[in-house]
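Next come the chains, spelled out residue by residue.
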Amino acid sequence: QAPDGRIWVGTELDGLYEYDPVGGQLCKSRLQGIPDDITSLLLDGDLLWITSRQGLLNVNTRSGRVKRYPGHDVDIYKLFRDSRDTILVGTTLGVLKYDSDKDAFDRISSFDGLFVDDIAEDAYGNIWLATFADGLIKSSPSFEVIYSWRQDSADSCAIPGNKVMCVLPDTRGYIWAAPHGCGLCRIGPDCGTVVMDHRDGLSNDIVYKILEDYAGRLWVATDMGITLIEPESGNIRRFNLSDGLIN
């Protein structure tokens with residue numbers, strides 16, 4: 001969301017849209033040179049960073065100037081800015097870090113070869129990576145790998161799958177992760193893991209995204225609607241087509 005209240009929306013097949021919450025209008029962006037297959041957006045002042053299967057670019061939302069960053073022709077699925085204002089880019093071959101002095105991206109060698117689905121940061125500045133095949137990874141603020149959670153029947157701290165779609169550190173100190181087809185995993189400060197799935201009230205065991213609102217509630221996007229979790233009370237509510245969802 002921009003400072004003026006506009007909300008930028010990236011779509012998978014139809015490029016970039018702008019939503020005006022005051023007027024309630026959603027329209028195709030007039031910015032030129034924007035790819036149709038957007039995978040991630042990040043607003044940094046007047047610069048809107050955009051990733052797609054065609055690479056990485058930014059566009060100045062005031063002047064309309066577009067700058068592309070060649071040499072990064074791998075699929076990119078995540079843009080993230082940490083608490084130190086470092087922009088990180090999750091790709092199918094690792095993580096890139098933006099160097100504003102050089103206006104260029106450098107690879108982070110400790111993450112080489114990882115297919116990164118999601119990036120998050122906890123209250124201590126640790127960086128968390130949800131990966132396509134290597135589980136959930138916790139690294140230090142200097143990007144040194146601290147621990148990896150993987151599927152392992154002999155490990156009480158293991159997660160039930162290595163393909164992790166998303167990760168969320170919440171305000172209570174827990175880490176929530178979503179191994180594909182396995183529901184949600186909650187990892188506590190002691191690294192112990194609790195699994196929640198459809199038997200516990202989730203709309204579906206395939207989870208795409210988890211968000212925490214200002215009240216500490218978790219909104220979970222699944223393959224069959226949205227689940228609202230209130231961690232303090234344990235209450236769960238499911239939203240589907242009958243509640244007005246489009247799909």
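What counts, and where the lines are drawn
- Residues numbered from 1 in each chain as written.
- Predicted model: local features only at pLDDT ≥ 70, side-chain atom pairs only at ≥ 80, totals over all residues.
- Heavy atoms only, no water.
- Helix = DSSP H or I, 4+ residues; strand = E, 2+ residues; numbered from the N terminus.
- Rg over C-alpha atoms; globule rule 2.2 N^0.38 Å.
- Buried < 20%, exposed > 50% of the residue type's maximum accessible area, 1.4 Å probe, protein only.
- Contact = heavy atoms within 4.5 Å.
- 1 Å grid on protein atoms, 1.4 Å probe; cavity = no way out; pocket = protein on both sides within 12 Å on 5 of 7 lines; lining within 4 Å.
- Points joined across faces, edges and corners; volume = space filled by probe spheres on them.
- Nonpolar A, V, L, I, M, F, W, Y, C, P; charged D, E, K, R; others polar.
- Polar contact = N/O pair within 3.5 Å; in protein donor to acceptor, adjacent residues only side chain to side chain.
- Salt bridge = Lys/Arg side-chain N within 4 Å of Asp/Glu carboxyl O.
- Pairing = 2+ DSSP bridges.
- Axes fitted to C-alpha atoms, helices over the stretch in contact; angles between N-to-C directions.

Details of the overall build of the protein chain
Counting its regular elements, the protein chain contains zero helices and 23 strands. The C-alpha atoms of the protein chain give 19 Å as radius of gyration, which agrees with the globular expectation for 247 residues (18 Å, within 12%). Based on the C-alpha atoms only, the size of the protein chain along its principal axes is roughly 55 × 45 × 30 Å. Residues counted as buried form 45% of the 247 residues belonging to the protein chain. Counting contacts in the protein chain only where the partners sit at least 6 residues apart, residues at least 24 apart contribute 32% of the total.

Some remarks on the layout of surface pockets
Taken as a whole, the largest pocket holds about 1700 Å³ of empty space. Taken together, 44 residues make up the lining of the largest pocket; nearest its centre are Thr39, Lys78, Tyr208, Lys209 and Ala221. Residues of the lining of the largest pocket, tallied by class, amount to 26 nonpolar, eight polar and ten charged. By volume, the second largest pocket amounts to about 270 Å³. Taken together, 17 residues form the lining of the second largest pocket, with Asp122, Tyr124, Trp128, Gly173 and Ile175 sitting closest to its centre. Class assignment for the residues of the lining of the second largest pocket results in ten nonpolar, four polar and three charged.

Considerations on the side chain of aspartate 122
Tracing the backbone shows aspartate 122 in the loop between strand S12 (116-121) and strand S13 (127-131). A polar side-chain atom of aspartate 122 sits 2.9 Å from the main-chain amide nitrogen of asparagine 126. Dropping the residues within four chain positions of it, aspartate 122 is found in contact with Trp128, Lys138 and Pro169.

Here we look at the pattern of salt bridges
Close approach of charged atoms allows side chains of opposite charge to pair. Counted according to the given criterion, the structure contains 17 salt bridges. With a closest N to O distance of 2.4 Å, arginine 199 and aspartate 197 form a salt bridge. Taken together, the salt bridges that share partners define one network made up of Asp4, Arg6 and Glu18.

Some details on the pairing of strand S8 (residues 76-81)
Pairing of S8 with strand S9 (residues 87-91), which is carried by five bridges, proceeds in the antiparallel orientation. Residue pairing in the sheet places isoleucine 76 in a bridge with threonine 91 of S9. Linking S8 to S9, which pair antiparallel, is a turn of five residues; within it aspartate 85 sits at a positive phi near 65 degrees.

Some details on the environment of phenylalanine 132
Structurally, the position occupied by phenylalanine 132 is in the loop between S13 and strand S14 (136-139). C-alpha of phenylalanine 132 to C-alpha of serine 29: the two residues are 103 residues apart in sequence and 31 Å apart in space. Residues in contact with phenylalanine 132, not counting those within four places in the same chain, are Phe115, Asp117, Asn162 and Lys163.

With respect to the sheet that holds strand S2 (residues 16-20)
The three strands lie next to each other as S1-S2-S3, forming an open sheet whose pairing is antiparallel. For this open sheet the edge positions go to strand S1 (7-10) and strand S3 (25-28), each flanked by a neighbour on one side alone. For this sheet, the mean inter-axis angle between neighbouring strands, taken without regard to orientation, is 25 degrees.

Focus on unusual backbone geometry
Here the phi dihedral of aspartate 85 falls at roughly 65 degrees; this positive angle occurs in a residue that is not glycine. In the Ramachandran plot, aspartate 103 falls in the positive-phi region, its phi being about 50 degrees despite a non-glycine side chain. Note that aspartate 103 resides in the loop between strand S10 (94-99) and strand S11 (104-107).

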